[in-house]
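# Geometric and topological summary
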Amino acid sequence: MDLIAPIRDLVVRPSAPNPEPTQSVAPLVGAMLLRINPRDFLYPVIQKWPVLSETGETLLVRREGNEMVYLNDLLHQPGTALSLRRSVNDRQLPAAMGGRGLFGVTEGVDYRGVAVLAAVQAVPGSPWILVAKVDQSEIYSPLRRQAWAVSATVIALLLAAAFAAVLLRRQSMANFLQRELAAETERRALAERLALVTQHANESIFLMDDTRRIVEANDRALAAYGYTLDELRQLPPGSLRAPGTMDNRSQQLALFDSADGATFETVHQRKDGTIFPVEVSGRSVEITGRQCSMAIIRDITARKRGEAALRESEQKYRELVEHAGSIILRWARDGKITFLNEFGQKFFGYSEAEIIGRHVVGTIVPPNESNSRDLRGMMEQIGAHPEAFEQNINENMRRNGERVWVAWDNKLVLDAQGQVKEILSVGSDITARKQAEEALKQSEERYRLLFENNPLSMWLYDLETLRFLAVNESAVQHYGYTREEFLAMTIEGIRPEEDIPALLKSADEGRAERLGTSEWRHRRKDGAIIQVEIRSRPLVFNGREARLVLATDITEKKLLEEKFLHVQRLESIGMLASGIAHDLNNVLAP
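Described below are features of the structure shown in this document. Computed from a predicted structure; not experimentally measured.

### Considerations on the overall build of the protein
From N to C terminus, the protein includes 17 helices and 23 strands. Per-residue burial for the protein yields a buried fraction of 36% across its 590 residues. Of the contacts made within the protein by residues no fewer than 6 positions apart, 41% connect residues no fewer than 24 positions apart. With the model as given, the accessible surface of the protein reaches about 35,400 Å², and the carbon-plus-sulfur share is 55%.

Spelled out as structure tokens, the structure:
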């Protein structure tokens, strides 16, 4: 680095012509060339960093045409002094920003392509530009946890830049330091305001001065209301309110200064004129000694719609409950009725005033069923352990004493603590079904008695497997098999071996016959062969196709018939012989 200093003659000589008094500059008699190796003095001073940093460095650059030339060795690219060049049009390069006349603290991308935070400052009286930079990764990772420590680091960087500038130009030190300190103070104040504004960033956040004018707003607020920040700052106080909502504004804003702050609902208006309901939470805050107000505004359009939908749903639910074709009952665990819908009131014969608050037992539940089952005890068990009675069927009674049967579905109603508050019971009248079931039961009992007590042998067999499904006592006694033995057999077991093919053919051909009558030979357990007359008809037993058989032992009948036929044959022979003899007598008579 070369420095040329002029040498002028300031000595007055009597013999020599002296300059006129009006001449302001002494005559030039020579020049002095001072040469300094920057690597010995300037570069070490520039590269000295005031705090421990892995990426912090100070650069000295100058503009040459459309390029920025790096004058000193670089921390991350040694040996590139006066050879490394970058375009002055690089928007992200801090050195290029200085070359375009943009000075101050800025974010950008350095010669390595790494994001950095840099302080850019021109060196007064020279074409040089001083850049103090540090990687953003080194700055912003601790900044999120220790904001003040980062601020101190930034100040140190600025002071380091100022210190470097002082070494180059002592005269500009005071002004440069004052500017940087003023910028830092402003930056810290702005950072504090932005920190408050960006809290709870999912909602619209406004920062207002003591006149209630908006001074800051987060991005969510700008998007929600459609204004730019400058437009918001120009709005008079209260401009975000929808028409017709200004009456209580003063009282609501006064709550900002209270200890608990303010929370209220109102209606706001966007820039395009659309209105929407909001919930405002606000309080007074102090920033850099000034009293301000911060408001967090939540768009509650969806909540209002949900509340309206809930009210509509509740109304529909109430109408459904009141007009449902089922009994809907709510009762406490102590048995007292808290709700009975209109259908239930008509069904049991009570009005709402007559039934609410009364115990279920004695009103709609009799103490005992007709079959003597203790319903009072059952209701006490449901109240004590409702989870064990999700469904139950019991006899109920109307106000006039008429007994009815109801099938109940029970569901627990819990309070906020998860404890059972009430029991919701939905009932369906099954009286007709119970009466039909009882009639069927009695009918089945009658047929069972007829089957079991019939003096003739009866059994039921499966058409698919031919296995016995049921036998009566007469069959057990007549054939000699126990009931268990019968149920383990097929109908082939009571037939002679030679008759089984005919049996199988008959069983297959007779599937579709409604009624059938035939004679067969059967074999008892003792091996005796008997003649039986079979009458049968198809039916469905336990969901399977079966056939009911009535068997009449006709063995003796068959024997008597054979004897009778034998006697008849003998009589016929006798009569024939008598006739022949009579005819012979007539022929032989004289």
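Right, picking up where we left off after that structure.
### Concerning the pattern of salt bridges
Counted by the stated rule, this structure contains 35 salt bridges. Asp230 is the salt-bridge partner of Arg233, the closest N and O atoms lying 3.9 Å from each other. One end of the pair is Arg233 and the other is Asp230, both in helix 7 (residues 229-234) and three residues apart, which spans about a single turn. For Arg233, a relative accessible area of 31% gives the class partly exposed. On the basis of relative accessibility, which here comes to 52%, the residue Asp230 falls in the exposed class.

### Regarding the side chain of Thr266
With respect to the secondary-structure elements, Thr266 resides in strand 11 (residues 262-269). Within the structure, the side chain of Thr266 is placed 3.2 Å from the side chain of Arg241, a separation counted as a polar contact. Among all residues touching Thr266, those that are not within four sequence positions of it are Arg241, Thr245, Phe276, Pro277, Val278 and Val280.

### Here's the deal with the sheet that holds strand 21 (residues 516-523)
If you walk across this open sheet you meet the five strands as 20-19-23-22-21, and the pairing is antiparallel. The open sheet has two free edges, formed respectively by strand 20 (468-471) and strand 21, since each of these has just one partner strand. Here the strands of the sheet are splayed against their neighbours by 30° on average, with no regard to which way each runs. The sheet contact formed by strand 19 (residues 457-462) and strand 20 spans three bridges and is antiparallel. Across the sheet, the residue bridging to Leu460 is Ala470, located in strand 20. Most of the contacts of helix 13 (residues 431-453) go to strand 20, to which it runs at about 85°, and overall it touches strand 19, strand 20 and strand 23 (544-553).

### A few points about helix 13
For helix 13, which comprises 23 residues, the first-to-last C-alpha distance of 33 Å matches the rise-based estimate of 33 Å (1.5 Å per residue) to within 8%. Restricting attention to buried positions, one finds in helix 13 the residues Thr431, Ser443 and Phe451. Elements that come into contact with the buried residues of helix 13 comprise strand 17 (403-414), strand 18 (420-429), strand 19, strand 20 and strand 23.

### Comments concerning the packing of aromatic side chains
Evaluation of the coordinates by the stated rule reveals ten aromatic pairs. The interplanar angle of 75° and the centroid separation of 5.5 Å between the aromatic rings of Phe206 and Tyr225 together place this pair among those described as edge-to-face. Placement of Phe206 in strand 9 (residues 204-208) and of Tyr225 in helix 6 (residues 219-225) is noted, with a sequence separation of 19 residues between them. Assigned by exposure class, Phe206 and Tyr225 land together as buried. Residues Tyr479 and Phe486 carry aromatic rings whose centres are separated by 6.2 Å and whose planes lie at 75° to one another, so their mutual orientation is edge-to-face. Comparing Tyr479 with Phe486 shows no difference in burial state: the two are buried. Among the aromatic residues, ring-to-ring pairing joins Trp459, Phe468, Tyr479, Tyr481 and Phe486 into one connected group. Positioned above the aromatic ring of Phe347 is the side chain of Arg398, whose terminal nitrogen or guanidinium carbon lies 4.3 Å from the ring centre.

### Some words on the environment of Ala217
Its place among the elements puts Ala217 in strand 10 (residues 214-217). With a relative accessible area of 10%, Ala217 lands in the buried category. Once the C-alpha coordinates of Ala217 and Thr228 are considered, the two residues, eleven residues apart in sequence, prove to be 9.3 Å apart.

### Some details on a nonpolar patch on the surface
Taken together, the side chains of Leu3, Ile7, Val29, Met32 and Leu34 make up a nonpolar region of the molecular surface, amounting to roughly 440 Å² of accessible area. With three residues, the top contributor of residues to the nonpolar patch is strand 2 (residues 28-35). Position of Leu3 relative to the elements: it lies in strand 1 (residues 2-8). A residue is classified by how much of its surface remains accessible, and Leu3, at 52% relative accessible area, is exposed.

### Focus: the pairing of strand 22 (residues 529-541)
Here eight bridges tie strand 21 to strand 22, and the two strands are oriented antiparallel to one another. Note on strand 22: the bridge partner recorded for Arg523 is Ile529. The turn joining strand 21 and strand 22, which pair antiparallel and follow one another in sequence, is formed by five residues; a positive phi near 95° is taken by Gly527. Sheet topology note: the strand 22/strand 23 ladder contains ten bridges and is antiparallel. Its bridge partner lying in strand 23, Pro538 is registered against Arg547. Linking strand 22 to strand 23, which pair antiparallel, is a turn of two residues; within it Asn542 sits at a positive phi near 55°.

### A word on the environment of Asp409
As for its position among the elements, Asp409 is in strand 17. Of the residues examined, Asp409 reaches a relative accessible area of 38% and is grouped as partly exposed. Taking C-alpha positions, Asp409 is 8.3 Å from Phe389, a pair spaced 20 residues apart along the chain. In this structure Asp409 touches Glu390, Gln391, Leu424, Ser425 and Val426, once residues within four positions along its chain are discounted. Engagement of the side chain of Asp409 in a polar contact is seen with the side chain of Gln391, the distance being 2.9 Å.

### Topic: the pairing of strand 19
Counting buried positions over the six residues of strand 19 gives six, a clear majority of the element. Neither face of strand 19 is open: one carries Ser457, Trp459 and Tyr461, the other Met458, Leu460 and Asp462, and all of them are buried. Of the pairings in the sheet, the one linking strand 19 to strand 23 comprises six bridges and is antiparallel in character. Residue pairing for strand 23: Trp459 is matched across the bridge by Val549.

### With respect to unusual backbone geometry
Phi at Arg212 is positive, roughly 70°, even though this residue is not glycine. Residue classification places Arg212 among the buried residues on the basis of a relative accessible area of 17%.

### Some details on the side chain of Thr301
Positionally, Thr301 belongs in helix 9 (residues 301-323). Thr301 gets classed as buried once you look at its relative accessible area, which sits at 18%. The residues touching Thr301, leaving out its near neighbours within four places in the chain, are Phe276 and Pro277.

### Regarding the sheet that holds strand 18
In spatial order, the strands read 15-14-18-17-16; together these five strands make up an open sheet with antiparallel pairing. Each having just a single partner strand, strand 15 (337-340) and strand 16 (391-397) make up the two edges of the open sheet. Taking the axes of each pair of neighbouring strands and ignoring which way they run, one obtains an average angle of 30° across the sheet. Summarising the sheet, strand 16 and strand 17 pair through seven bridges and their orientation is antiparallel. From the neighbouring strand, Met397 faces strand 17, where its bridge partner is Arg403. Each of strand 14 (327-332), strand 16 and strand 18 is contacted by helix 12 (residues 375-384), which is oriented at about 140° to strand 16, the strand it contacts most.

The rules behind the values
Note on numbering: residues in each chain are counted from 1, in written sequence order. Totals for whole chains, interfaces and linings use all residues, but because this is a predicted model, local features are given only for residues with pLDDT of at least 70 and pairs of side-chain atoms are given and counted only at 80 or more. Excluding hydrogens and water, the side-chain values take into account all heavy atoms of the structure. For helices the rule is a DSSP run of H or I covering at least 4 residues; for strands it is a run of E covering at least 2, with both sets numbered from the N terminus onward. Buried, partly exposed and exposed residues are distinguished by accessible area as a fraction of the type maximum, computed with a 1.4 Å probe on protein chains only: under 20%, between the cut-offs, and over 50%, respectively. Pairs of residues are marked as contacts when any of their non-hydrogen atoms sit within 4.5 Å. The accessible surface values rely on the Shrake-Rupley method and a 1.4 Å probe; as for residues, cover is taken only from the protein chains in view. Each salt bridge in this description consists of a side-chain nitrogen of Lys or Arg and a carboxyl oxygen of Asp or Glu lying within 4 Å of one another. Polar contacts, as counted here, are pairs of nitrogen or oxygen atoms within 3.5 Å of one another; within protein the pair requires one atom able to donate a hydrogen and one able to accept it, and residues that are adjacent in sequence qualify only if both atoms are side-chain atoms. The rule for pairing is simple: two strands pair if DSSP sees at least two bridges between them. Orientation is described by lines fitted to C-alpha atoms, with helices fitted over the stretch in contact, and by angles between N-to-C directions that extend from 0 to 180 degrees. In this analysis, the expected span of each helix is defined as 1.5 Å times one less than the number of residues it contains. Note on ring pairs: Phe, Tyr and Trp rings are taken, using the six-membered ring of Trp, and paired if centres are within 6.5 Å. Classes follow the plane angle, with under 30 degrees stacked, over 60 edge-to-face and the rest tilted. Two thresholds decide whether a charge sits over a ring: the Lys NZ or Arg CZ must be within 6 Å of the ring centre and within 35 degrees of the ring normal. Patch membership needs two things, relative accessible area over 30% and no salt bridge, and members are linked within 9 Å if like-charged or within 5 Å if nonpolar (Val, Leu, Ile, Met, Phe, Trp, Tyr).

Functional significance is not addressed by these values, which are geometric in nature.
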